[in-house]
Amino acid sequence: MGVADAAVRAVGVWKRYGGGQTQVNALADVSADFGKGRFTAIMGPSGSGKSTLLHCLAGLDKPSDGSVFLGDVDLTKVPEKQLTHLRRDRIGFVFQAFNLVPTLTALENITLPLDLAGRKPDQDWLTTVIDTIGLTDRLSHKPSELSGGQQQRVACARALVSRPDVVFADEPTGNLDSRSSADVLDFLHRSVRDFGQTVVMVTHDPSAASYSDRVLFLADGTLQSELIDPTAESVLDTMKKLDSAPAEQH
Amino acid sequence: MFKLGLRSVLAHRLRFVLCTVAVTLGVAFAGGAMVFTDTLSHALKKNYAVSTADITVTPSSPIETGTDRPPTFQAGLADRIAAIPGVASAASQLLVSDVEILTPDGKPLENYGLTSFGASWPRDARVAPFKLVDGTPPSGRNELALDDSTASRAGYAIGDQVRIVTPTQAVTATLTATTTPVAAGAAAGAPLVSFDGATAQYLLLGQAGWTSVSVAVQPGSDADAVSKAIATTIGDSVKVRTAQQVTADGEHSLDSTFGGFSTVLVVFACLALFVGTFLIVNTFAMVVAQRSRELAMLRAIGASRGQVTGTVVAESVVIGILGSTLGLLIGIGVAVGIRFTYQLLDLRIPTASLQVSPATIIVCYVIGIGVTVAAAAPAARRAGKLPPIAAMRDDVTVPERSLLARISIGGFVLLMAVLLYAVGLNAGGTPGVVLITLGAGTGVIAIVMLSPLLSRYVVRALMYPFGRKAPVTLGRRNAERNPRRTSATASALMISVSLICGLMVIAASAKASINQSIADALGTSSILITSGGTPTFSTQIGDRTAQVPGVQSVHRVRQESGQVGKVSVRVSGVSDGTLDGPVTTTFDAGSAAVLGSGQAVLPRNLATTLGLTVGKTFDLATTTGKHRLTVGGILAPNRQLNAVLLSLPAYQKIGGPVTDNLLYVEVAQGNQVAEVRTGILDQLKKDYPSIEVRDQQAYAATAREPVNGVLAALGFLLALAILIALLGIVNTLALGVVERTREIGLLRAIGMDRPQLNRMLRVESIAITLLGALLGVVIGVVFAASVQSSMVDDGLAVRDIPVLQLVIAVAAAALFAVLAAVWPSRRAARLDVLRAIASE
Ligand SMILES: Nc1ncnc2c1ncn2[C@@H]1O[C@H](COP(=O)(O)OP(=O)(O)O)[C@@H](O)[C@H]1O
Ligand SMILES: [Mg+2]
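Here the structure is a predicted model, which means the values were calculated and not measured. (Residues numbered from 1 in each chain as written. Chains lettered and ligands numbered in written order. Predicted model: local features only at pLDDT ≥ 70, side-chain atom pairs only at ≥ 80, totals over all residues. Heavy atoms only, no water.)

Engineer: So, the overall build of chain A: which residues are in play, and what are the values?
Structural biologist: For chain A, the count of helices and strands is 9 helices and 10 strands. A principal-axis box enclosing the C-alpha atoms of chain A has dimensions of 55 × 40 × 35 Å. A buried classification covers 52% of the 250 residues belonging to chain A. Considering only contacts in chain A between residues 6 or more positions apart, those separated by 24 or more positions represent 66%. Carbon and sulfur atoms form 49% of the exposed surface of chain A, whose accessible area is close to 10,900 Å². Averaging the positions of the 25 positive and the 32 negative side-chain charges in chain A gives two centres separated by 5 Å. (Helix = DSSP H or I, 4+ residues; strand = E, 2+ residues; numbered from the N terminus. Buried < 20%, exposed > 50% of the residue type's maximum accessible area, 1.4 Å probe, protein only. Contact = heavy atoms within 4.5 Å. Areas by Shrake-Rupley, 256 points an atom, 1.4 Å probe, with all protein chains shown as cover. Lys, Arg positive; Asp, Glu negative; His and termini not counted. Charge placed at Lys NZ, Arg CZ, Asp CG, Glu CD.)

Engineer: Quick one: what's the story with the overall build of chain B, residue by residue and with numbers?
Structural biologist: Counting its secondary structure elements, chain B contains 23 helices and 22 strands. Of all 840 residues assigned to chain B, the portion counted as buried reaches 53%. Carbon together with sulfur atoms contributes 60% to the accessible area of chain B, which is approximately 35,200 Å² in total. With 67 positive and 53 negative side-chain charges, chain B shows a separation of 16 Å between the mean positions of the two kinds.

Engineer: Any details on helix α14 (residues 483–521) of chain B? Residues and values, ideally.
Structural biologist: The end-to-end C-alpha distance of α14 of chain B, which contains 39 residues, comes to 54 Å, matching closely the 57 Å that a straight helix rising 1.5 Å per residue would cover. Extensive coverage of α14 of chain B is indicated by the burial of 30 of its 39 residues. (Expected span 1.5 Å × (residues − 1).)

Engineer: I'd like a description of the site of ligand 1, backed by residues and values.
Structural biologist: Residues and elements named next belong to chain A. Close to ligand 1 lie Tyr-17, Ala-26, Pro-45, Ser-46, Gly-47, Ser-48, Gly-49, Lys-50, Ser-51 and Thr-52. At 3.0 Å, a backbone N or O of Gly-49 approaches an oxygen atom of ligand 1. Between ligand 1 and Lys-50, the relevant distance is 2.9 Å, taken from an oxygen atom to a main-chain nitrogen or oxygen of the residue. Calculation on ligand 1 without its partners gives an accessible area of 560 Å², and the protein chains cover 59% of this total. Examining the composition of the shell around ligand 1, we find that 3 residues originate from one element, helix α1 (residues 50–57), more than from any other. (Near = heavy atom within 4 Å. Polar contact = N/O pair within 3.5 Å; in protein donor to acceptor, adjacent residues only side chain to side chain.)

Engineer: So, the domain arrangement of chain B: which residues are in play, and what are the values?
Structural biologist: Residues and elements named next belong to chain B. What the domain assignment lists for chain B is domain 1 (1–50 + 245–400), domain 2 (61–236), domain 3 (468–524 + 697–840) and domain 4 (527–694). For domain 2 and domain 4, the distance between their C-alpha centroids amounts to 30 Å. Contact with domain 2, which involves 22 residues of that partner, is made by 28 residues of domain 4. Taken together, both faces of the contact between domain 2 and domain 4 bury some 1,900 Å²; the carbon and sulfur share is 49%. Linking domain 2 with domain 4 are 0 salt bridges. Counting across the interface, domain 2 meets domain 4 through 5 residue pairs in polar contact (both at pLDDT 80 or more). By residue class, the composition of the side of domain 2 that touches domain 4 is 9 nonpolar, 7 polar and 6 charged. (Domains from an automatic or database assignment. Buried area = accessible area lost by both parts, 1.4 Å probe. Salt bridge = Lys/Arg side-chain N within 4 Å of Asp/Glu carboxyl O. Nonpolar A, V, L, I, M, F, W, Y, C, P; charged D, E, K, R; others polar.)

Engineer: Hey, could you go over the interface of chain B and chain A for me, with residue numbers and the actual values?
Structural biologist: The interface is formed by 21 residues belonging to chain B together with 25 residues belonging to chain A. Taking both partners together, chain B and chain A bury about 2,100 Å²; carbon and sulfur atoms supply 65% of that area. Remark: the boundary between chain B and chain A carries 2 salt bridges. Between Arg-477 of chain B and Glu-108 of chain A there is a salt bridge, and its shortest N-O distance comes to 2.8 Å. The tally of links from chain B across to chain A stands at 7 residue pairs in polar contact (both at pLDDT 80 or more). Looking at the side of chain B that touches chain A, the elements that each hand over two or more residues are α13 (470–481), α20 (741–749), α21 (754–790) and α23 (833–838) of chain B. For the side of chain B that touches chain A, a count of residues per class yields 11 nonpolar, 4 polar and 6 charged.

Engineer: Lay out the pattern of salt bridges in plain terms, naming residues and giving numbers.
Structural biologist: Counted under the stated rule, the structure contains 26 salt bridges over all chains. Notably, a salt bridge pairs Asp-165 of chain A with Arg-90 of chain A, separated by 2.8 Å at the nearest N-O pair. Of the two residues, Asp-165 of chain A sits in the loop between α6 (148–161) and β7 (166–170) while Arg-90 of chain A sits in helix α2 (residues 80–90), which places them 75 residues apart along the sequence. Assessed through its relative accessible area of 23%, Arg-90 of chain A is described here as partly exposed. Here Arg-544 of chain B makes a salt bridge to Asp-687 of chain B, at a shortest N to O gap of 3.0 Å. With Arg-544 of chain B in helix α15 (residues 539–546) and Asp-687 of chain B in the loop between α18 (673–684) and β22 (691–695), the pair connects residues that are 143 residues apart, well separated along the chain. Residues joined in a network through salt bridges with shared partners are Asp-543, Arg-556, Arg-558 and Asp-660 of chain B.

Engineer: Tell me about unusual backbone geometry, and name the residues and values.
Structural biologist: All names here are of chain A. Unlike most non-glycine residues, Asp-29 shows phi in positive territory, near 55°. Locating Asp-29 in the fold gives a position in strand β2 (residues 24–35). A positive phi angle, close to 45°, is found at Glu-171, a residue other than glycine.

Engineer: Explain the UniProt feature "domain: ABC3 transporter permease C-terminal" (unreviewed entry) in chain B residue by residue, including any values.
Structural biologist: On the UniProt side, "domain: ABC3 transporter permease C-terminal" (unreviewed entry) is annotated at positions that read residues 267–388 and 716–832 of chain B here. With 84% helix and 0% strand, residues 716–832 of chain B has end C-alpha atoms that lie 41 Å from one another. (UniProt positions renumbered as here; feature names shortened; annotations may be inferred.)

Engineer: Give me the lowdown on the sheet that holds strand β2 (residues 87–93) of chain B, citing residues and values where you can.
Structural biologist: All names here are of chain B. Taken in spatial order, the 4 strands make up an open sheet running β2-β11-β1-β12, and their pairing is antiparallel. With one partner strand each, in any of the chains shown, β2 and β12 (238–242) form the two edges of the open sheet. Within the sheet, the average angular offset between the axes of one strand and its neighbour, ignoring direction, is 20°. Running over the sheet, helix α6 (residues 223–234) touches β1 (55–59), β2, β11 (212–217) and β12 and is turned about 175° from β12. (Pairing = 2+ DSSP bridges. Axes fitted to C-alpha atoms, helices over the stretch in contact; angles between N-to-C directions.)

Engineer: For the pairing of strand β9 (residues 214–219) of chain A, give the residues involved together with the corresponding values.
Structural biologist: It is a general feature of regular strands that their side chains alternate between the two faces of the sheet. All names here are of chain A. The buried fraction of β9 is high, at 6 of 6 residues. Burial along β9 is two-sided: Arg-214, Leu-216 and Leu-218 facing one way and Val-215, Phe-217 and Ala-219 facing the other are all buried. By the bridge criterion, 6 bridges tie β9 to strand β10 (residues 222–228) in an arrangement that is antiparallel. Pairing of Phe-217 across the sheet is with Ser-225, part of β10. As consecutive antiparallel partners, β9 and β10 are separated by 2 residues, and within that stretch Asp-220 has a phi angle of approximately 50°, a positive value.

Engineer: So, a nonpolar patch on the surface: which residues are in play, and what are the values?
Structural biologist: All names here are of chain B. A grouping of Ile-801, Val-803 and Val-807 is seen on the molecular surface, where their side chains present a nonpolar patch of about 240 Å² in accessible area. With respect to the element layout, Ile-801 can be found in the loop between α21 and α22 (803–830). A relative accessible area of 30% means that Ile-801 is categorised as partly exposed. (Patch = residues over 30% accessible without salt bridge, like charges linked within 9 Å, V, L, I, M, F, W, Y side chains within 5 Å.)

See below:
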């Protein structure tokens with residue numbers, strides 16, 4: 001995959017916490033490309049640095065070392081204010097929980113990034129996105145009146161509405177039952193397949209990872225291996241292999 | 001539980017700081033008032049309310065309060081008393097106020113509000129209220145004595161020529177002696193001029209007369225028995241008091257003098273605490289909501305309902321103690337400051353040690369802790385009701401009582417308010433004002449109760465012009481989010497603003513009414529002469545004014561207080577033609593001519609109060625006794641002459657003093673008012689430096705001054721109440737930021753920049769502030785307008801709603817709202833996005 005095809009690139013990213021004796025390397029020299037129009041999953045045991053990596057890629061956190069490119073913009077060199085606007089205009093987000101502003105309706109939550117930017121939503125695209133999440137009749141509801149799965153789908157719609165360069169999702173199905181999880185994953189999958197959206201998703205669920213085109217495995221802050229066109233079984237296999245391999249090897 | 005409460009307060013320091021400030025301010029007002037009053041009245045009692053005479057005999061006054069001059073009696077009385085068995089000596093004494101002392105360069109001596117007295121030289125050292133320090137006692141019309149403190153303050157030495165102005169004339173005399181108070185007497189700290197007895201009567205009263213007889217009893221006689229003997233011998237034309245009774249009366253009158261001052265402070269303490277209550281209620285509601293999971297956990301591990309409630313109550317006690325302590329200290333500090341200022345002025349104010357009585361301390365703690373605990377009670381109760389399983393749930397909501405009960409009760413209270421109001425508007429006069437005030441108070445309570453319901457719609461309407469941009473919508477929705485909290489915060493502001501606005505409207509109306517009544521009553525060619533030093537002045541001033549070129553006529557107005565039945569009234573003597581010349585009047589019945597036949601003319605408002613009509617007779621009591629008068633005419637209410645009016649001879653006949661209070665000077669045609677005014681000033685200024693000569697407009701300006709004074713003093717105190725209300729807004733916003741940490745993190749993550757975040761909080765702040773300010777303005781204006789309409793005949797003839805000032809007040813409130821949002825915004829902007837979205 002060529003450089004030109006990457007929506008986001010991590011180049012030698014380090015993230016250290018603390019100092020001296022207690023220093024922790026949450027990320028140690030991570031380099032990876034995330035292709036345009038691709039659905040990439042990041043997997044790894046708890047504490048392996050998945051969220052940290054995602055936050056660095058999304059411009060929510062600054063790496064201690066290395067660079068992150070969104071297209072050809074080096075996010076580590078952009079000042080805070082512009083970074084906020086980049087997040088608003090070119091990046092979409094889905095967190096594990098508490099994704100929605102409780103005082104806004106579902107529709108207002110979806111269009112919030114555009115409203116913040118002072119832009120008018122593209123009506124056709126908005127309709128398409130809303131149709132895809134299948135909540136046309138719930139748009140005027142407040143988040144508290146929606147189920148967990150519905151809330152996550154609204155969050156996905158919000159992430160897509162500004163046609164961002166890339167959508168980041170940190171364990172978007174972590175709090176959901178399997179049916180709602182399937183809905184959300186299906187939606188992310190279709191946004192990649194039908195609309196050519198780029199998606200990077202952190203998960204620890206092998207069946208969630210199987211919706212992706214490619215899985216990166218992370219352990220102790222370093223990339224261990226990757227899997228193209230994964231299935232739930234092949235993901236599980238790889239995880240087992242990594243588990244049995246002693247960490248000292250790296 | 002107390003320990004848990006203390007920990008919680010320490011852990012949530014920030015949340016409780018503003019709570020504490022609110023309690024502190026309220027307690028400081030109350031504490032300061034009590035300490036200052038105690039200290040001053042203790043000092044004064046110690047030094048003033050002591051009598052040197054064993055028995056004091058004074059003429060009994062036919063009127064109960066508000067005499068401008070003491071009643072007097074003739075010389076024979078002392079001799080009659082001296083003849084009573086047991087009396088060693090009886091000495092007549094003259095003591096009157098309203099003497100003005102001039103400095104060597106001819107300016108009035110500044111007395112910092114103390115009254116100066118004129119006295120006769122004591123006849124008997126045994127009962128003398130003051131004694132010689134240096135020199136020889138004054139004798140004759142060319143000699144006087146001064147108390148040593150005043151002499152040195154003014155810069156006079158024995159042998160100097162001293163100028164003073166008494167109610168009867170301007171005097172220049174040689175200072176032959178300095179005096180000092182013996183231990184006692186009503187005038188111990190005040191400036192005192194004394195003359196020999198005959199001179200004192202001539203210069204101070206203009207006629208013979210004494211104000212008291214000081215009696216010394218023979219050694220071995222019982223003062224009480226002698227006092228009874230005097231009372232039975234002389235009869236009830238005199239009041240006989242022993243030294244103890246004089247002391248008790250003195251203390252009583254000092255208490256009532258300072259009582260008024262401390263009442264004002266206590267009222268504001270109540271207001272401050274009342275407004276602060278809303279702030280405390282909010283803080284505790286929020287803290288309990290935030291800690292609900294922790295509290296539920298306590299329940300889950302076995303704490304009883306009572307114990308959970310107890311932790312919250314304990315927190316409020318901690319804050320109450322803290323706030324009361326700080327408040328008490330500040331209060332004492334304020335009292336010390338006031339005392340220090342008095343000392344700086346170099347007055348002979350006796351300085352007792354600071355009086356911090358146990359009562360003050362107890363009251364401060366009781367109100368401080370009481371208010372805090374009461375305000376925290378609803379939150380504490382709700383905390384106790386949290387079910388233990390709430391600890392296991394994700395989204396804990398503290399159960400809140402439905403608004404239904406509140407709204408129905410609020411509706412009922414509102415109905416009552418409207419009824420009271422309607423009745424009050426119809427009643428008019430003083431009962432009307434009382435009913436309207438009650439109605440307004442009830443209405444405020446109703447609106448406070450209903451405001452959670454109102455707040456949503458009002459906020460939406462108010463915020464409409466701010467557009468629909470995302471930060472605006474978010475800010476507005478945050479303000480609508482918790483109607484109880486928003487309305488409690490806004491209510492605090494509403495109450496303060498309504499008081500300020502009511503005050504503004506009433507003050508503006510009062511000023512407009514003064515302007516109008518003066519313009520209506522006085523021609524532009526009139527000049528008014530009053531004295532800035534003493535309320536009454538010598539008739540020579542009128543005589544000399546009449547000689548100034550360009551003066552066509554001088555009309556005298558004399559005044560003193562009187563009483564009809566139980567109603568205190570002013571009594572005025574006016575020279576012929578005053579009613580149809582310089583003062584324009586409209587007669588409802590009768591005419592000015594009736595004055596000539598010795599009948600009285602009353603303004604309509606007074607006639608209505610007294611139930612009098614033309615032809616009826618009434619008994620007027622003055623210091624000289626009861627006098628039967630006939631009503632000859634009724635005037636439209638007139639600010640200039642709001643009194644029982646008599647001709648000068650009739651006034652003199654009922655014992656009115658021969659001194660003037662006001663002169664109306666009419667300028668002859670073809671003369672410039674300004675030139676004549678200068679002429680009069682040249683004529684009078686040298687002998688009477690305090691005399692004030694004004695044209696119509698300048699006079700109106702002076703008449704407006706007291707209104708400005710009240711406005712400034714009350715405005716300052718009310719501004720403090722507004723400050724507390726604004727602290728409440730800062731508090732609500734700051735707590736909101738803490739509470740919505742995660743939400744703010746989310747907004748930041750999906751692209752809300754800092755200016756937008758600031759705008760969001762600003763909008764919330766403005767929404768709450770405008771809600772409170774506008775409700776306050778409406779309540780204040782409606783209230784004041786109704787009061788005005790009830791008092792058309794009582795000095796508020798004109799309604800003036802100062803629209804511009806009110807608009808400025810609301811705009812200022814909005815500006816403060818922006819300021820109130822600054823600190824919470826900064827906190828919000830500093831939130832670490834990652835922390836916020838990761839936070840529990
Ligand atoms: N703010 C922080 N301060 C210190 N250490 C942190 C911080 N955030 C994360 N870490 C550490 O970095 C490592 C990676 O964390 P994270 O990216 O959250 O892991 P994952 O999402 O894979 O579970 C962990 O060891 C965690 O303890
Ligand atoms: Mg994680």
